[in-house]
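Survey of secondary and tertiary structure
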Amino acid sequence: MNLNESDPAVQLKLRLLERAMPARDAVVFGDMWGVEGAYCVRCLDLGCESVTLVDVAESDGWLETRRAHPSLNQYKGDFSDPLFMASIRETYEVGVAYDVLLHQATLLHALHLMLEKVSERVCIVQPMLVEQEHPNTLVFLPGNSAREELDPLAGDHEEWLMFDQLLVNSAAWLWAMTPSFLVSALRSEGFELDEEERLDGGFPNPRWTWWGCVARRERALHPEHWSHHEKVRELWPTAHGP
Ligand SMILES: C[S@@+](CC[C@H](N)C(=O)[O-])C[C@H]1O[C@@H](n2cnc3c(N)ncnc32)[C@H](O)[C@@H]1O
């Protein structure tokens with residue numbers, strides 16, 4: 001499937017992908033709905049020797065593309081599922097996450113599982129809430145009563161599930177996150193921003209923009225990162241404990 005390169009959001013995604021390249025290999029998280037693996041193919045065009053897609057879905061068009069490009073691979077499954085992700089043994093020089101984090105109920109855990117597979121650089125582009133009074137604002141949309149202020153599409157979203165607290169899954173738009181939130185979440189995973197870019201005017205609601213970044217792996221996880229379960233300090237050290 002061809003990308004609509006006249007769309008400014010697609011242009012932003014391609015621009016940042018080019019900045020993250022060259023790379024030997026890449027993993028693209030969620031590249032099926034509406035694009036059928038087009039960003040994976042673009043990674044090959046930009047010089048990757050092999051590219052892996054991780055997505056729950058596949059399509060006839062994507063299977064044809066894979067037949068034409070044997071260096072494309074897919075692991076079909078849920079990248080927020082730790083057991084599925086443990087079955088992927090490889091790491092990849094570049095990771096790509098375009099329009100996927102908004103849909104992850106286990107947001108920090110899913111981001112961690114994705115970044116564990118990325119050795120050098122990650123490219124992220126998605127709709128973002130503009131910075132709020134407090135930095136690092138993250139808003140859970142399902143059940144949110146400030147619907148008029150928060151709806152990125154100003155009510156015009158037949159195809160998007162949003163605001164329904166009974167439908168919390170990866171088909172729904174779950175989060176309104178500010179860039180500062182994502183930058184902090186990336187830092188907690190050992191990644192620092194190399195560049196970022198914001199595109200205003202892409203949504204009926206001016207509180208939303210497109211935002212993207214390329215971030216590089218800068219340091220190992222802190223020994224007391226939450227994923228090191230056995231090493232995280234006791235919540236109540238014995239001396240002060242109950
Ligand atoms: C909104 S589309 C984005 C498509 C493309 N990356 C783009 O930028 O246009 C989200 C894609 O991610 C996939 N996806 C979302 N959450 C997922 C998860 N937890 N595990 C696997 N695939 C997921 C969906 O199946 C879909 O193909």
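Now for a look at the structure at hand. (Residues numbered from 1 in each chain as written. Predicted model: local features only at pLDDT ≥ 70, side-chain atom pairs only at ≥ 80, totals over all residues.)

On to the sheet that holds strand β10 (residues 191–199), then. One open sheet accounts for 7 strands, arranged β3-β2-β1-β4-β5-β11-β10; its pairing is mixed. Where the open sheet ends on each side, the last strands, each with one partner, are β3 (72–76) and β10. Between one strand and the next, the sheet's axes are offset by a mean angle of 20°, whatever the strand orientation. The pairing of strand β2 (residues 50–55) with β3 spans 5 bridges and is parallel. Its bridge partner being in β3, V51 is matched across the sheet by L72. Each of β5 (118–129), β10 and β11 (208–217) touches helix α7 (residues 179–188); the most contacted strand, β10, lies at about 160° to it. (Pairing = 2+ DSSP bridges. Helix = DSSP H or I, 4+ residues; strand = E, 2+ residues; numbered from the N terminus. Axes fitted to C-alpha atoms, helices over the stretch in contact; angles between N-to-C directions. Contact = placed C-beta atoms within 7 Å.)

Between the first and last C-alpha of helix α1 (residues 8–20) there are 19 Å, a value that for 13 residues agrees with the 18 Å anticipated at 1.5 Å per step. Along α1, the residues classified as buried are K13, L16, L17 and A20. Angular distribution of buried residues about the axis of α1 spans 105°; they occupy a single face of the element. (Expected span 1.5 Å × (residues − 1). Buried ≥ 20, exposed ≤ 12 C-beta atoms within 10 Å, placed from the backbone. Arc of directions from axis to C-beta.)

Here we come to the nonpolar core. If you look at the biggest cluster of nonpolar residues, it comprises 59 residues, and the most contacted ones within it are A26, V28, F29, Y39, V96, A97 and C123. Broken down by element, this core gets its largest block of residues, 7 residues, from β5. (Core = buried A, V, L, I, M, F, W, Y, C linked by C-beta atoms within 7 Å.)

Glancing now at helix α2 (residues 38–45). Among the 8 residues in α2, 6 count as buried, and that is most of the element. Of all the residues in α2, the buried ones are A38, Y39, C40, V41, R42 and C43. A positive backbone phi angle near 110° is found at G47, which sits one or two residues after α2.

With that settled, consider the site of the ligand. Neighbouring the ligand are 19 residues, the closest being G30, M32, W33, Y98 and S170. Within the shell around the ligand, the residues separate by chemical class into 9 nonpolar, 6 polar and 4 charged. (Near = placed C-beta within 6 Å. Nonpolar A, V, L, I, M, F, W, Y, C, P; charged D, E, K, R; others polar.)

Attention now goes to unusual backbone geometry. Here M21 and P22 are connected by a cis peptide whose omega angle stands at 5°. Backbone geometry at E36 places phi at a positive 45°, although glycine is not the residue there. One can find E36 in the loop between β1 (25–29) and α2. Looking at E36, the number of C-beta atoms within 10 Å reads 21, which means it is buried. Phi at F163 takes a positive value of approximately 75°, unusual for a residue other than glycine. Looking at the secondary structure, you find F163 in the loop between β7 (161–162) and β8 (172–173).

What follows deals with the environment of N205. Looking at where N205 falls in the secondary structure, it is placed in the loop between β10 and β11. For the pair N205 and D151, spaced 54 residues apart in sequence, the C-alpha separation works out to 7.0 Å. Ignoring any residue separated from it by four or fewer positions in sequence, one finds N205 in contact with D151, P152 and A154.

Right, let's talk about the pairing of β2 for a bit. With respect to burial, β2 is a largely interior element, 5 of its 6 residues being buried. Relative to β2, β1 runs parallel, the two sharing 5 bridges. Residue pairing across strands places V27 opposite T52, the latter belonging to β2. Assessed by its sense of winding, the connection that carries the chain from β1 through α2 to β2 is right-handed. In this view, the connection linking β2 to its parallel neighbour β3 by way of helix α3 (residues 60–68) has right-handed handedness. (Right-handed = clockwise from strand over helix to strand, strands pointing away.)

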